[in-house]
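# Structural description and commentary
Spelled out, the chains give:
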Amino acid sequence: MEPRDAPSTREPRRTAVRRWIREDSRHDLSASLVVFLVAMPLSLGIAVASDAPVTAGLIAAVVGGVVAGLLGGAPLQVSGPAAGLTLVVAGFVQQFGWAVTCAITVAAGLLQVVLGLSRVARAALAISPAVVHGMLAGIGVTIALAQLHVLLGGAPGTGAWENITQLPAQLLGVHTGEAVVGLVVLAVLLVWPLTPPAVRAVPASLVGIVGATLLAWSLSWDVARVDLPGSVLDSVRLPELPDGRWGAVALAVFTMTVIASVESLLSAVAVDKLKDRGRAADLDRELVGQGAANTVSGLLGGLPVTGVIVRSSTNVAAGARTRASAVLHGVWVLLFSLALVGLIEQVPMAALAGLLVYVGIKLLKVADVRTARRQSELLVYLTTVGCVVFLDLLMGVLIGFSLSVALMLRRVVWAKLKVSRTPVPGGHDHWTVLVEGTLSFLSIPRLSRVLSHVPDGAPVDVELAVDFLDHATYEHLAMWRDQHEKTGGVVHVDEVSGVRSGMSRGGPAAALPRWFAPWSSWQTSVPAQRHSDHDEAARPLVSGVQEYHRRSAPLLRPVFEGLSDGQEPQAMFLTCADSRIVPNVITASGPGDLFTVRNVGNLAPLDDDGVGASVHYAVEVLRVPALVVCGHSGCGGMKALLDGAAGSDDPVGRWLRSGVGSLAALRAGHPADPRSGAVADRLSMVNVAVQVASLERLPVVRDAVAEGRLKVIGMFFDIGAARLSLLTDDRTAFSALPEGVDVLH
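None of the values given here were measured: they were computed from a predicted structure.

With respect to the helices and strands, the residue D729 is situated in the loop between β11 (723-727) and β12 (734-736). Separated by 15 residues in sequence, D729 and G714 have C-alpha atoms that sit 9.0 Å apart. Reaching out from D729, the side chain makes a polar contact with the side chain of K711 at a distance of 3.4 Å.

Now for the sheet that holds strand β4 (residues 430-439). Strands sit in the order β3-β4-β5-β6 across an open sheet of 4 strands; the sheet is mixed. The open sheet terminates on both sides in strands that have one partner only, identified here as β3 (416-422) and β6 (491-495). With strand direction ignored, the average angle separating the axes of adjacent strands in the sheet is 15°. By the bridge criterion, 7 bridges tie β3 to β4 in an arrangement that is antiparallel.

Time to look at unusual backbone geometry. Phi angles above zero are rare outside glycine, and R623 is one such case at about 55°. Relative to the helices and strands, R623 resides in the loop between α25 (609-621) and β9 (626-632). The phi dihedral of R675 falls on the positive side, at around 65°, and the residue is not glycine. With respect to the secondary-structure elements, R675 resides in the loop between α28 (660-667) and α29 (679-696).

This brings us to the pairing of strand β5 (residues 460-469). For β5, a buried count of 8 out of 10 residues is recorded, marking the element as mostly surrounded by other parts of the structure. As judged from the 9 bridges shared by β4 and β5, these two strands associate in the parallel manner. Bridging from a neighbouring strand, T438 pairs with F468 of β5. Note that the unit made of β4, helix α21 (residues 444-451) and β5 has a crossover that is right-handed.

Once that is clear, we can look at the pattern of salt bridges. Considering all chains together, one arrives at 10 salt bridges under this definition. Linking D673 and R675 is a salt bridge whose minimum nitrogen-to-oxygen distance equals 3.9 Å. Where E696 meets R731, a salt bridge forms, and the shortest distance between an N and an O atom there is 2.5 Å. Of this pair, E696 sits in helix α29 while R731 sits in the loop between β11 and β12; the two residues are 35 residues apart in sequence, bridging distant segments of the chain. By relative accessible area, E696 is classed as partly exposed at 30%. What you see here is one network of salt bridges that share partners, running through E620, E707 and R709.

Before going further, it helps to spend a moment on the state of the cysteines. Taken as a whole and judged by the stated rule, the model has 0 disulfides. The structure places no disulfide on C576, whose sulfur is separated from the nearest cysteine sulfur, that of C635, by 4.0 Å. Not engaged in a disulfide, the cysteine C630 finds its nearest cysteine sulfur in C576; these two sulfurs lie 9.4 Å apart.

Take the packing of aromatic side chains next. Taken as a whole, this structure holds 5 aromatic pairs when the rule is applied. Measuring from ring centre to ring centre gives 5.9 Å for F595 and Y617, while their planes differ by 40°; the resulting arrangement is tilted. Remark: Y617 occurs in helix α25 and F595 occurs in strand β8 (residues 594-599); sequence separation between them is 22 residues. Assessed through its relative accessible area of 36%, Y617 is described here as partly exposed.

Glancing now at the side chain of S662. In this fold, S662 is placed in helix α28. Among the polar contacts listed, one links the side chain of S662 to the side chain of N687, at a separation of 2.7 Å. Among all residues touching S662, those that are not within four sequence positions of it are L683, V686, N687, V690 and Q691.

Strand pairing in a sheet is mediated by backbone hydrogen bonds. Such pairs are either parallel or antiparallel. The mixed open sheet is built from 6 strands, whose spatial order is β8-β7-β9-β10-β11-β12. Sheet topology places β8 and β12 at the edges, where each strand pairs with a single neighbour. On average, each strand axis in the sheet is tilted by 30° relative to the strand beside it, whichever way the strands run. Bridge count between strand β7 (residues 571-576) and β8: 6 bridges; the pairing is parallel. Bridged to C576 within β8 is N599.

On the surface, W161, I164 and F390 cluster together to form a nonpolar patch covering roughly 340 Å² of accessible area. When you line up the elements, F390 lands in helix α19 (residues 378-390). Residue F390 is classed as partly exposed on the basis of its relative accessible area of 48%.

We now examine helix α2 (residues 54-71). With 18 residues, α2 extends 26 Å from end C-alpha to end C-alpha; this agrees with the ideal 26 Å at 1.5 Å per step. Of all the bends in α2, the greatest, near 25°, is centred on G64.

On to the confidence of the model for the chain, then. For any part of a model where pLDDT is low, the fine detail of the predicted coordinates should not be relied upon. Model confidence for the chain is summarised by a mean pLDDT of 82, while 88% of its residues fall at 70 or above. Contacts from residues 1-11, a stretch scored under 50 in pLDDT, to residues over four places away or in other chains number 20 contacts. The low-confidence segment residues 525-534, where pLDDT is below 50, has 18 contacts with residues more than four positions distant or belonging to other chains.

Next up on the list: the packing of helix α3 (residues 86-96) against helix α4 (residues 98-117). Contact geometry for α3 and α4: axes closest at 7 Å, N-to-C directions at 125°. Of the possible angle classes, the one that applies to α3 and α4 is oblique. In this structure, the crossing between α3 and α4 has a hand that is right-handed. Residues V89, F92, V93 and F96 of α3 lie in contact with α4, whose contacting residues are W98, V100, T101 and I104. Split into classes, the residues belonging to the contact of α3 with α4 amount to 7 nonpolar, 1 polar and no charged.

What counts and what doesn't
Residues numbered from 1 in each chain as written. Predicted model: local features only at pLDDT ≥ 70, side-chain atom pairs only at ≥ 80, totals over all residues. Heavy atoms only, no water. Helix = DSSP H or I, 4+ residues; strand = E, 2+ residues; numbered from the N terminus. Polar contact = N/O pair within 3.5 Å; in protein donor to acceptor, adjacent residues only side chain to side chain. Pairing = 2+ DSSP bridges. Axes fitted to C-alpha atoms, helices over the stretch in contact; angles between N-to-C directions. Buried < 20%, exposed > 50% of the residue type's maximum accessible area, 1.4 Å probe, protein only. Right-handed = clockwise from strand over helix to strand, strands pointing away. Salt bridge = Lys/Arg side-chain N within 4 Å of Asp/Glu carboxyl O. Disulfide = S-S within 2.5 Å. Phe/Tyr/Trp six-rings, centres within 6.5 Å; stacked < 30°, edge-to-face > 60°. Contact = heavy atoms within 4.5 Å. Patch = residues over 30% accessible without salt bridge, like charges linked within 9 Å, V, L, I, M, F, W, Y side chains within 5 Å. Areas by Shrake-Rupley, 256 points an atom, 1.4 Å probe, with all protein chains shown as cover. Expected span 1.5 Å × (residues − 1). Bend = angle between axes of the 7 residues up to and from the residue. pLDDT = per-residue confidence, 0-100. Parallel < 35°, antiparallel > 145°, perpendicular 65-115°, else oblique. Left-handed = near helix turned anticlockwise from the far one by under 90°. Nonpolar A, V, L, I, M, F, W, Y, C, P; charged D, E, K, R; others polar.

Structure below.
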């Protein structure tokens, strides 16, 4: 159970136990059995792949479940022997022997405890995910290559390259019995996810191993089987200290500590994302729990222990609620190992090889490759994989980590520079120099080389889309601009990002993203030659479209791809046609969020088919949960109403007649009138309340409100204060909209 469920006094502890028995026990018991069925074959297979005694995997499963389960800081995480350490352990066994490897496990566990008590666990999360995923993928490839030989009835080579080159000969000399057994397990594991949910409730690994064992037994095939030296208790042995080579042992302890800690902590973070309740994992405590488990496992002759995402995700999916599930799974492994040793010895080695080939394949994830590519870390991922497979695990991780740091530093100090030329008939060609990223003194040589491509006297735009610009680079750009202008050239420095260097002349001091800011704040003094093919009136619009295609479209494309098949807006937003009101800006919304209807004065006349059709479509077809009427200060339509424009027979006058009721309500003392401020703004507020009431009289709106699936909301935007206020439910006043308010309830 959770530590908070087990206080120090006896009575609260008894209360916590009773509560667990009453509320959580049935969930934890069933989940522990599911995890046990998954863990048993995996523990045996990982021990085989690690060149360790088979019972070492069972000991690690018991200790990982009980010790790490009781002491760890991630209650739903399940620990045990992990595929990520198979290469490390196998290398240590070959180099030092099994007894010394157990001592290395003990030392690594003690070091983990020290690190956990030092509260440095989160430092492990600083390692690039591309390195971790590449490490796991490299381990998976190595395991699959080696165990493929066992599946075919042979013996694996000493390295990945040897396993690759010897595979054709292994295929020619395949042993039929072993191959069939291993392929049966592999086929079950691959096909099982396609079966109905009721069937998938049984762990695929258990079905595969049991099925292959029964097949080999029924056909009396002479295949190699698991060989246990006795019970698990008979296999318990104390570790031995190394005979010299202390430097190599120290490096081995460090390697095991780092890999086991990183894998456990990343698994704990992943489990936090899977569960739907409870506090986040205490990573420092989890590291202490993992260290204690490794210390005990090494002392008993078991494999090293880590948090295992396969077992942990199974635990969460099976409905576990407390740490009792992980502890009980270890108890079931112990009882099975003591009472049913004979059954374990019936398992063919080729069946475990088939399981390990599948485990190795699963460690190589397409999603990790896509993520690395999307984050520009594909080179780090592939380098780590290659080095782990063809060198060794430690070298692969170190090289991958070093490369990730080098690329990070390059991104920090290496600006993207690009120069382009736009031909202009009858005059100087127009040049554009684009600078993106961090512009520091380290980039001055490259910047100087790029600027040298611009000929004397040519008009040029320098677009600075930078997040940092140091003094040395500023001086270099200023000096180049002065020199270029002396040759007759025109230089326009366009500061795209939020960094204001002072390079641009005359622009506003405020730095707004271009998708947010008015054209006037970033299209100042754009040379006319750049738009010589377009009318002067269309120039701002064309520049805006070009800016969208250059910067915004690549970022928004995934959003629009998801919206291409339809829309599910969260609100219909009826507001004024005033250019100063931008619904997506004042509501911090994006594409697909608002179904927007605009007209002069944000009016909702009941006899207007345009507004009526929009409301009907939004409420009945799109099923929006909110219908918003938003007025604003300084509204020209309201001013025109006050000036008597509704009496004229022009289009504006005929339209504004729909607002005469709002004007009458103001003069009659409508409660939404604040009684202070500009009369036009007071009329705008009353108008919002009147239009809300008008919409609520529409049958389609009235029915939806009665059903509880729609709410009609009034808002008022004060342009000068850039502030929205909300019409109260009784339609009598506007109140400031506090942060976090839920206007739908």
